[in-house]
Amino acid sequence: MSGGPVAGPDGVPRCPWGLATDDYRVYHDTEWGRPVHGDDALFERLCLEAFQSGLSWLTILRRREGFRRAFDGFSIASVATYTGADRERLLADEGIIRNRAKVDATLANARVLETWAPGELDALIWSYAPDPGGRPVPRTLADVPAVTDESTALAKDLKKRGLRFVGPTTAYALMQACGLVDDHLAGCVARGGGTAPGTR
């Protein structure tokens, strides 16, 4: 799918991926590309993007509530206290992705972030938000990059501070998901924070 926005059954133009399933439609219409703030909220997105590596985002979306239950709502303070028993619990939890390296990275990242000042993760991530007018509005999916200079720099900074599973591609997916960039295509109903009629 490399074209521009596509009208769904409701006649509303969306990025093509937003029409693939109802899960994608709701996520596209209500979350993706909208600003996310708060250390715990950004920790959740960072973790989910890391777990998504090598998998479809749909797999993550459909297990999101399982992830939230398993990781105490992605409270940094809570996850930072997890013990070896918690690790084994997570690796046995069928409601999440039971990838040992990703689980270990999540626990390690929480321990690092617990040492940061309140708001420090939020401030750091948002300091890499590019100038909204710095590049043309994407018109097709082919115009949307997978990596940018900003995401490469963000990934490098996070790694330097001890975080794991945060490569440039994961960092850019985070930037897209959390509204640091608006990669909804020109003409998409959600571009600029718009909402489709009747979206729940």
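Residues numbered from 1 in each chain as written. Predicted model: local features only at pLDDT ≥ 70, side-chain atom pairs only at ≥ 80, totals over all residues. Heavy atoms only, no water.

Asker: Explain the overall build of the chain here, please?
Answerer: Each helix and strand counted, the chain has 10 helices and 2 strands in total. Listed by position from the N terminus, the elements making up the chain come as β-β-α-α-α-α-α-α-α-α-α-α. Taken over the C-alpha trace, the chain has a radius of gyration of 17 Å; the compact-globule value for 200 residues is 16 Å, and the two agree within 12%. Principal-axis analysis of the C-alpha atoms gives the chain an extent of 50 × 35 × 25 Å. The buried share of the chain, taken over its 200 residues, is 47%. (Helix = DSSP H or I, 4+ residues; strand = E, 2+ residues; numbered from the N terminus. Rg over C-alpha atoms; globule rule 2.2 N^0.38 Å. Buried < 20%, exposed > 50% of the residue type's maximum accessible area, 1.4 Å probe, protein only.)

Asker: Sorry if this is basic, but what is going on with the side chain of Gln-176 here?
Answerer: Mapping Gln-176 onto the fold places it in helix α10 (residues 168-177). Side chain to side chain, Gln-176 and Asp-183 meet in a polar contact 2.9 Å long. Setting aside residues up to four positions removed in sequence, Gln-176 forms contacts with Trp-32, Gly-33, Val-144, Pro-145, Val-181 and Asp-183. (Polar contact = N/O pair within 3.5 Å; in protein donor to acceptor, adjacent residues only side chain to side chain. Contact = heavy atoms within 4.5 Å.)

Asker: Where do I start with the nonpolar core in this structure?
Answerer: As a rule of thumb, nonpolar side chains are buried together in soluble globular proteins. Counting 53 residues, the largest nonpolar core has Phe-43, Phe-67, Phe-71, Leu-90, Leu-121 and Leu-158 as the members making the most contacts within it. The element contributing the most residues to this core is helix α2 (residues 39-52), with 6 residues. If sequence neighbours within four positions are ignored, Leu-121 has contacts with Asp-39, Leu-42, Phe-43, Leu-113, Trp-116 and Leu-158. (Core = buried A, V, L, I, M, F, W, Y, C linked by side-chain atoms within 4.5 Å.)

Asker: Whenever I open this one, the state of the cysteines confuses me. Can you help?
Answerer: Simply put, disulfide is the name for a covalent bond between the sulfur atoms of two cysteines. According to the stated counting rule, one finds 0 disulfides in the structure shown. Free cysteine: Cys-15, not disulfide-bonded; nearest cysteine sulfur from Cys-188 at 3.8 Å. Here Cys-178 is not disulfide-linked; the sulfur of Cys-47 is the nearest cysteine sulfur, at 11 Å. The buried category is assigned to Cys-178, whose relative accessible area is 0%. (Disulfide = S-S within 2.5 Å.)

Asker: Looking at this model, I keep getting lost on the packing of α2 against helix α7 (residues 100-113). Mind explaining?
Answerer: When two helices pack together, their arrangement is given by the angle between the helix axes and by the axis-to-axis distance. One way to put it is that α2 packs onto α7 with a least axis distance of 10 Å and a crossing angle of 155°. Classified by the angle their axes make, α2 and α7 are roughly antiparallel. In this structure, α2 crosses over α7, and the sense of that crossing is right-handed. Here Phe-43, Cys-47, Ala-50, Phe-51 and Gln-52 of α2 come into contact with α7, specifically with Lys-102, Val-103, Thr-106, Asn-109, Ala-110 and Leu-113. Looking at the contact of α2 with α7, its residues break down into 7 nonpolar, 3 polar and 1 charged. (Axes fitted to C-alpha atoms, helices over the stretch in contact; angles between N-to-C directions. Parallel < 35°, antiparallel > 145°, perpendicular 65-115°, else oblique. Left-handed = near helix turned anticlockwise from the far one by under 90°. Nonpolar A, V, L, I, M, F, W, Y, C, P; charged D, E, K, R; others polar.)

Asker: Looking at this structure, I do not really get the packing of helix α6 (residues 84-91) against α7. What am I missing?
Answerer: As a packed pair, α6 and α7 sit with axes 10 Å apart at the nearest point and diverge in direction by 140°. For the element pair α6 / α7, the angle class is oblique. The two elements α6 and α7 meet at a crossing, and its hand is right-handed. Contact with α6, carried on its side by Arg-87, Leu-90 and Leu-91, involves Arg-100, Val-103, Asp-104 and Leu-107 of α7 and no other residues of that element. The residue makeup of the contact of α6 with α7, split by class, is 4 nonpolar, no polar and 3 charged.

Asker: Would you mind going over the pattern of salt bridges with me for this structure?
Answerer: A side chain of one charge can pair with a side chain of the opposite charge when the charged atoms of the two come close. Within the structure shown, the criterion is met by 17 salt bridges. In this structure, the salt-bridge partner of Arg-25 is Asp-22, at a minimum N-O distance of 3.7 Å. Of the two residues, Arg-25 and Asp-22 are both situated in helix α1 (residues 22-30); the distance of 3 residues between them amounts to about one turn of the helix. You can call Asp-22 exposed: its relative accessible area is 52%. We note a salt bridge from Glu-44 to Arg-64, for which the minimum N-O separation is 3.2 Å. Note that Glu-44 is positioned in helix α2 and Arg-64 in helix α4 (residues 64-70), a separation of 20 residues in sequence. Connected through salt bridges with shared partners, the residues Glu-31, Glu-44, Arg-45, Arg-64, Glu-65 and Arg-68 form a single ionic network. (Salt bridge = Lys/Arg side-chain N within 4 Å of Asp/Glu carboxyl O.)

Asker: How do you make sense of the packing of aromatic side chains when you look at a structure like this?
Answerer: The tally for this structure, following the rule as stated, stands at 10 aromatic pairs. An angle of 20° between the planes, with centres 5.4 Å apart, marks the rings of Phe-71 and Phe-74 as stacked. Side by side, Phe-71 and Phe-74 carry an identical accessibility label, which is buried. In textbook terms, an aromatic cluster arises when at least three aromatic residues are bridged by ring pairs, as seen for Phe-43, Phe-51, Phe-67, Phe-71, Phe-74 and Tyr-82. When the ring centre of Tyr-82 is taken as origin, the NZ or CZ atom of Arg-89, which lies over that ring, is 5.3 Å away. In this structure, Arg-161 packs its charged tip against the face of Trp-116, placed 5.8 Å from the ring centre. (Phe/Tyr/Trp six-rings, centres within 6.5 Å; stacked < 30°, edge-to-face > 60°. Lys NZ or Arg CZ within 6 Å of the ring centre and 35° of its normal.)

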